[in-house]
Amino acid sequence: MKKNEVARACHLDDVFNRGEPQISKQYHGGKGKITRYGIFNHESAQTSTMQIWDFDVGSSEGIHVHDNSEHNDRAELGALEEIYMVLRGTGSLQILDRAKNQIKDVMVDEGQAVCVPEGVHHGFRNEGVSAMRVLIQWGPPAQGKIVRYRTGMESTATEISRL
């Protein structure tokens with residue numbers, strides 16, 4: 001948005017009816033098809049991106065990492081933090097323990113969210129018998145002092161791994 005421009009709003013239905021969705025097959029080396037819908041992709045000046053992803057049954061986003069290493073398959077994006085929230089269906093977050101070369105599956109049900117910090121090798125998979133819908137946001141992690149809207153509040157998040 002431009003400075004001094006009025007706020008914009010959109011309904012979820014608008015997200016699915018604005019432009020063509022991006023259809024990705026074998027995204028990050030995963031399986032099946034993921035259909036991605038942008039939310040304010042061209043209107044927002046934030047450095048983060050928000051999309052809704054529809055995973056077909058059995059589809060997955062392959063194991064990948066967002067950091068400044070040679071393992072990053074989208075190096076042009078640099079280091080990123082990602083937040084996945086399951087809106088419909090059941091999925092799993094795969095976290096790669098590089099030291100043990102093992103993948104840990106963390107089940108994520110409708111209404112649950114996971115936050116993946118930069119540098120964590122991860123993927124996301126539809127584990128259900130129907131399509132799964134996920135709200136995903138990603139962007140570069142803050143550098144230096146972080147200012148939050150609600151400071152002083154304890155996190156409600158549960159740690160799932162320190163890999």
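Quick notes on the rules
- Residues numbered from 1 in each chain as written.
- Predicted model: local features only at pLDDT ≥ 70, side-chain atom pairs only at ≥ 80, totals over all residues.
- Heavy atoms only, no water.
- pLDDT = per-residue confidence, 0-100.
- Helix = DSSP H or I, 4+ residues; strand = E, 2+ residues; numbered from the N terminus.
- Core = buried A, V, L, I, M, F, W, Y, C linked by side-chain atoms within 4.5 Å.
- Buried < 20%, exposed > 50% of the residue type's maximum accessible area, 1.4 Å probe, protein only.
- Contact = heavy atoms within 4.5 Å.
- Pairing = 2+ DSSP bridges.
- Axes fitted to C-alpha atoms, helices over the stretch in contact; angles between N-to-C directions.

**Observations regarding the confidence of the model for the protein chain**
So, step 1. Per-residue confidence for the protein chain averages 81 on the pLDDT scale, and 73% of its residues sit at or above 70.
So, step 2. Within the protein chain, no element has a lower average pLDDT than helix α1 (residues 12–17), which sits at 63, and none a higher one than strand β9 (residues 122–126), at 96.

**A closer look at the nonpolar core**
So, step 1. W53, F55, Y84, L93, F124 and V134 are the most contacted members of the largest nonpolar core, which has 19 residues in total.
So, step 2. Counting only elements with at least two residues in this core, the list comes to β3 (49–55), β5 (81–88), β6 (90–97), β7 (102–109), β8 (113–116) and β10 (132–139).
So, step 3. The greatest single-element share of this core, amounting to four residues, is contributed by β10.
So, step 4. Discounting chain neighbours no more than four positions away, the residues touching Y84 are E61, H64, Q112, A113, V114, V116, H122, F124, V134, L135 and I136.

**Here's the deal with the sheet that holds β9**
So, step 1. Strand order in this open sheet of four strands is β4-β9-β6-β7, and the pairing throughout is antiparallel. The open sheet has two free edges, formed respectively by β4 (60–64) and β7, since each of these has just one partner strand. Across the sheet, the axes of successive neighbouring strands diverge by a mean angle of 20°, strand direction being ignored.
So, step 2. Two strands pair when backbone bridges link them, and β4 and β9 are joined in this way by three bridges, in the antiparallel orientation. Directly across from S60, in β9, lies its bridge partner R125.

**Thoughts on the environment of A75**
So, step 1. Structurally, A75 can be placed in the loop between β4 and β5.
So, step 2. Classification of A75 as exposed rests on a relative accessible area of 54%.
So, step 3. In this structure, the C-alpha to C-alpha distance between A75 and V65, residues ten residues apart in sequence, is 9.6 Å.

**A closer look at the pairing of β3**
So, step 1. Judged by how many residues are buried, β3 sits mostly within the fold: five of seven residues are covered.
So, step 2. Pairing between strand β2 (residues 33–38) and β3: five bridges, direction antiparallel. Bridge pairing links G38 to Q51 in β3.
So, step 3. As judged from the seven bridges shared by β3 and β10, these two strands associate in the antiparallel manner. Residue pairing for β10: Q51 is matched across the bridge by I136.

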